[in-house]
Amino acid sequence: MSKRWTRYFAGIAGGALAIFAGANYAQNSQLFMPSEYKTLRRVVNRLATKNDLGNERITFTIAAGTNTSWMAEELNLCKEDGCSFYTNLNPFKPYLGKSSKEINEAIRQSYLLNGIEGWAWSHGVIYFSRSTFSAYEGKDDYFACTLGHELTHFLNHDAFKDSLREGREGKRLNEEKRELLKQSISRESESKADFNAAKMVMNIGLPSDTCLKGYEYLARHEGIGEETKEDSSHPGYEDRRDAMSEFLKTYKDNPSDRELKGTKGKWKYDRKLNTLKFTPFAIR
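Notes on the structure follow. (Residues numbered from 1 in each chain as written. Predicted model: local features only at pLDDT ≥ 70, side-chain atom pairs only at ≥ 80, totals over all residues. Heavy atoms only, no water.)

For the rest of this paragraph, the subject is the packing of aromatic side chains. Geometrically, a pair of aromatic rings is defined through the distance of the ring centres and the angle of the planes. Overall, the coordinates contain 17 aromatic pairs when judged by the stated rule. Both rings, one in F128 and one in F133, keep their centres 6.0 Å apart while their planes meet at 80 degrees; by these two values the pair is edge-to-face. On the basis of relative accessibility, which here comes to 0%, the residue F128 falls in the buried class. For F133, a relative accessible area of 9% translates into the label buried. Ring pairing ties together the aromatic residues F128, F133, Y136, Y142, F143 and Y217, which thus form one cluster. Between the NZ or CZ atom of R130 and the centre of the ring of Y111, over which it lies, the distance is 4.7 Å. (Phe/Tyr/Trp six-rings, centres within 6.5 Å; stacked < 30°, edge-to-face > 60°. Buried < 20%, exposed > 50% of the residue type's maximum accessible area, 1.4 Å probe, protein only. Lys NZ or Arg CZ within 6 Å of the ring centre and 35° of its normal.)

Structure, rendered in C-alpha cells:
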C-alpha cells in the first residue's frame, strides 16, 4: 500500500476517533446536562462556600418519583412489593419496547403530580424526583433547605446511627413496640436534620427564617397538615413548624462563633448512569 493511501486511511481513522471522543465529551459534559442538575450543582456550590460537606464523594441522582411506581402498579406492570424499580427510572430519556407507551406516560404524569421528594442513602447517594425542581423553580433558597436536610442525613450517618440505637434500645421489645421506637428515633433525626439545614443556609448569609418559610411552602405545596402520630416517621406539621421556630429563636440568641469551614471539590456528570458526583476536599 502506498504512503498516500496509508495517510488517507490514517486520516479517516483519526477523524472517526475524534468524532467519537467529541461525542463522548458532549454526552457527559456538564454544559449539556439537564437544567435540574445545573440547579442542583449551583445550590450545592452555594452551600459549600461556608459549610463542611465532609471528605466523602456524594452522588446525586434525579429520578422519576414514587408516583411512577404507583401508576406502574395500576397498569399491572409490577406487583405491590416490586414497583420501586419504576420510582428510580431515568426521567430524561424516552423508553422503548414493551409497555414503553405506558412507562413514558407514567413518567410524564409523575413529573406533573409527584411534588417535592428527596432522600439520602447511607452510602452517599442523594435522590430527588424531577418534579422537586419544578416545585422549587425560582426558589433556590427553599431548595437549599431541602438539600441541606438530605445532606445532613448523609454527613451525620443517620441511617447507621438510628439503626444502632434501635438495636440497642429495642432488642427486648415486641415487634409493635420496636416499630414505634424506630419511628420515634426517625422523628428525632428528621428534626435534627431540619435544624442543621437551617444552620447551613444561615451560614451562607440567608435570612434566619428561610427554612421555616421553606417548610411552610413545602407543607402547603404537598398538602401535609397532619398531626404527629406514634407511627409517623416525620413530625407532624404543627410540631415540625413549632420545633423549627423554637430552634431559630434559641440559635439566634446563641449564635455560633466558630470559624466557618467551606468545601471545594470537583464535579462529574454521567448521562448514562444519570448521576452527578461531587468529590470534595475540605479547605479552611
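Let us keep going from here.
On the surface, E175, E176, E179, E230 and D231 cluster together into a patch of negative charge. Residue placement: D231 occurs in the loop between α10 (210-222) and α11 (237-253). (Patch = residues over 30% accessible without salt bridge, like charges linked within 9 Å, V, L, I, M, F, W, Y side chains within 5 Å. Areas by Shrake-Rupley, 256 points an atom, 1.4 Å probe, with all protein chains shown as cover. Salt bridge = Lys/Arg side-chain N within 4 Å of Asp/Glu carboxyl O. Lys, Arg positive; Asp, Glu negative; His and termini not counted. Charge placed at Lys NZ, Arg CZ, Asp CG, Glu CD. Helix = DSSP H or I, 4+ residues; strand = E, 2+ residues; numbered from the N terminus.)

What follows is about the layout of surface pockets. A volume near 1,200 Å³ is recorded for the largest pocket. Around the largest pocket sit 47 residues that line it, and H149, H153, E190, S233 and H234 are the ones nearest its centre. Looking at the lining of the largest pocket, the elements with two or more residues in it are β2 (118-120), α7 (140-155), α8 (158-170), α9 (175-203), α10 and α11. Here the residues of the lining of the largest pocket are counted per class, giving 19 nonpolar, 15 polar and 13 charged. Approximately 320 Å³ is the volume attributed to the second largest pocket. (1 Å grid on protein atoms, 1.4 Å probe; cavity = no way out; pocket = protein on both sides within 12 Å on 5 of 7 lines; lining within 4 Å. Points joined across faces, edges and corners; volume = space filled by probe spheres on them. Nonpolar A, V, L, I, M, F, W, Y, C, P; charged D, E, K, R; others polar.)

We now examine the state of the cysteines. On inspection of all chains with the given rule, the structure shows 2 disulfides. The disulfide partner of C78 is C83, and the gap between their sulfur atoms is 2.0 Å. Sign of the S-S torsion, about 110 degrees for the bond between C78 and C83, identifies this disulfide as right-handed. There is no split in this pair, since C78 and C83 are both buried. Note on cysteine connectivity: C145 is disulfide-linked to C211, with sulfurs 2.1 Å apart. On the S-S bond that ties C145 to C211, the torsion sits near -95 degrees, and the link is left-handed. In this pair, C145 sits in helix α7 while C211 sits in helix α10, placing the two residues 66 residues apart along the sequence. (Disulfide = S-S within 2.5 Å.)

All right, on to the nonpolar core then. Residues L40, L47, F60, F143, L147 and L151 are the most contacted members of the largest nonpolar core, which totals 43 residues. Filtering out sequence-adjacent residues up to four positions away, L40 remains in contact with F60, F128, F133, F143 and L147. Membership of the second largest hydrophobic core comes to 9 residues, among which are A64, A72, C78 and Y86. (Core = buried A, V, L, I, M, F, W, Y, C linked by side-chain atoms within 4.5 Å. Contact = heavy atoms within 4.5 Å.)

Bringing the packing of helix α2 (residues 35-48) against α7 into the picture now. Following both chains from N to C, one finds α2 and α7 inclined at 75 degrees, their axes separated by 10 Å at the closest point. By the angle between their directions, the pair α2 and α7 is classed as roughly perpendicular. Two secondary-structure elements touch here, α2 through T39, L40, R42, V43, V44, R46 and L47 and α7 through D140, D141, F143, A144, L147, G148 and L151. (Axes fitted to C-alpha atoms, helices over the stretch in contact; angles between N-to-C directions. Parallel < 35°, antiparallel > 145°, perpendicular 65-115°, else oblique.)

What follows covers the pattern of salt bridges. The full count for this structure, using the stated rule, is 13 salt bridges. In this structure, the salt-bridge partner of K213 is D209, at a minimum N-O distance of 3.5 Å. Assessed through its relative accessible area of 29%, D209 is described here as partly exposed. Here R220 ties to E216 by a salt bridge, and the two come within 3.6 Å at their closest N and O atoms. Of this pair, R220 and E216 both sit in helix α10, separated by 4 residues, roughly a single helical turn. For R220, a relative accessible area of 65% puts it in the exposed group. Overlapping salt bridges, with partners in common, bring together R165, E169 and E188 in one network.

Moving on to helix α5 (residues 100-113). Taking 1.5 Å of rise per residue, 14 residues should cover 20 Å, and α5 covers 20 Å from first to last C-alpha, within 8% of that figure. Along α5, the positions that sit buried rather than exposed are S100, I103, A106, I107 and S110. Projection of α5 onto a plane perpendicular to its axis shows the buried side chains occupying an angular sector of 125 degrees, all on one side. Residues of α5 that are exposed and point over 90 degrees away from its buried face: K101, L112 and L113. (Expected span 1.5 Å × (residues − 1). Arc of directions from axis to C-beta.)

This next bit is on the environment of V125. Residue position: V125 is located in strand β3 (residues 125-129). On the basis of relative accessibility, which here comes to 18%, the residue V125 falls in the buried class. C-alpha of V125 to C-alpha of T275: the two residues are 150 residues apart in sequence and 9.2 Å apart in space. Setting aside chain neighbours within four positions, we find V125 in contact with T59, T61, W119 and A120.

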